[in-house]
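Listed here are the chains, written in short residue letters.
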Amino acid sequence: MRRLPNLLLLGARLSACSGDWRADAIASAEAKMRGLINDPAATFSHVDLTGDSATGQTCGVIIAKMGIYTKEARFIVYIDNTAGPFVEPGLGQTMSQADFDWAWQNDCVKEGYKG
């Protein structure tokens, strides 16, 4: 009789652990973006993780202060760190809008971004 509660507890722990990489990847992406634009108080919306734990990306919108203005821009952070992180032009990124739009379409939207 005692084994059933232990098995249920183990199942609950395994279930909780299986989603941890997603939360960690999002938290890491948000930290990278705050560093990239030099705004530790930046906030985020429409954040979604596409792909898997090895080759996925975090896509979303960052809201940051730029001087006296508050700006919103889309961002992409790659889990495997092979590129980026990228943020739309206007928040200090040197990437062109056309290049960013291409990356957004191919690495976020086509990969299942629902934002």
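Owing to the predicted nature of the structure, the values given are computational and were not obtained by experimental measurement. (Residues numbered from 1 in each chain as written. Predicted model: local features only at pLDDT ≥ 70, side-chain atom pairs only at ≥ 80, totals over all residues. Heavy atoms only, no water.)

### Quick look at helix α2 (residues 20-37)
Working note: α-helix, 3.6 residues per turn, so residues spaced by three or four point in the same direction. With 18 residues, α2 should reach 26 Å at 1.5 Å per residue; the first-to-last C-alpha distance of 26 Å fits that figure. When α2 is considered as a whole, its buried residues turn out to be Ala25, Ala29, Glu30, Met33 and Ile37. Along the axis of α2, the buried positions cluster into a sector of 130°, meaning they face one direction only. Facing away from the buried side of α2 by over 90 degrees, the exposed positions are Asp24 and Gly35. Lining the buried residues of α2 we find β1 (43-50), β2 (57-66), β3 (69-78) and β4 (86-87). (Helix = DSSP H or I, 4+ residues; strand = E, 2+ residues; numbered from the N terminus. Expected span 1.5 Å × (residues − 1). Buried < 20%, exposed > 50% of the residue type's maximum accessible area, 1.4 Å probe, protein only. Arc of directions from axis to C-beta. Contact = heavy atoms within 4.5 Å.)

### A few points about the state of the cysteines
What the rule picks out here adds up to one disulfide. Note on cysteine connectivity: Cys59 is disulfide-linked to Cys108, with sulfurs 2.0 Å apart. Where Cys59 bonds to Cys108 through sulfur, the torsion about that S-S bond is close to -85°, and the disulfide is left-handed. Taken together, the residues span a long stretch of sequence, with Cys59 in strand β2 and Cys108 in helix α3 (residues 97-109) at a distance of 49 residues. Across this residue pair, the class does not change: Cys59 and Cys108 are buried. (Disulfide = S-S within 2.5 Å.)

### A few points about the pattern of salt bridges
Taken as a whole and assessed by the stated rule, the structure comprises two salt bridges. Two residues, Glu88 and Arg74, come together in a salt bridge whose shortest N-O distance is 2.8 Å. Of this pair, Glu88 sits in the loop between β4 and α3 while Arg74 sits in strand β3, and the two are 14 residues apart along the sequence. Glu88 sits in the buried class, given a relative accessible area of 14%. Of the residues examined, Arg74 reaches a relative accessible area of 22% and is grouped as partly exposed. (Salt bridge = Lys/Arg side-chain N within 4 Å of Asp/Glu carboxyl O.)

### Some remarks on the pairing of β3
Examined bridge by bridge, β2 and β3 share 10 bridges and lie antiparallel to one another. Each bridged residue has a counterpart across the sheet, and for Lys65 the counterpart in β3 is Thr70. The turn linking β2 back onto β3 is made up of two residues, and Gly67 within it adopts a positive phi angle of 70°. Where β3 meets β4, two bridges bridge the pair, whose relative direction is antiparallel. Bridge pairing in β4 links Ile76 to Phe86. (Pairing = 2+ DSSP bridges.)

### Brief notes about the confidence of the model for the protein chain
Scored by pLDDT, the protein chain comes out at a mean of 84, with 83% of its residues at no less than 70. Here residues 1-16 is modelled with pLDDT under 50, and outside its nearest four sequence neighbours on either side it reaches zero contacts, counting other chains as well. (pLDDT = per-residue confidence, 0-100.)

### A few points about the packing of aromatic side chains
Applying the stated criterion across every chain, the model contains four aromatic pairs. Centroid distance Tyr78 to Phe86: 6.0 Å. Interplanar angle 80°. Geometry classified as edge-to-face. Considering the side-chain rings of Phe100 and Trp104, the 6.1 Å spacing of their centres and the 25° angle between planes classify their relative orientation as stacked. Of this pair, Phe100 and Trp104 both sit in helix α3, separated by four residues, roughly a single helical turn. A single burial state applies to Phe100 and to Trp104, both of which are buried. Feature note: the residues Phe100, Trp104 and Tyr113 constitute an aromatic cluster, connected by ring pairs. (Phe/Tyr/Trp six-rings, centres within 6.5 Å; stacked < 30°, edge-to-face > 60°.)

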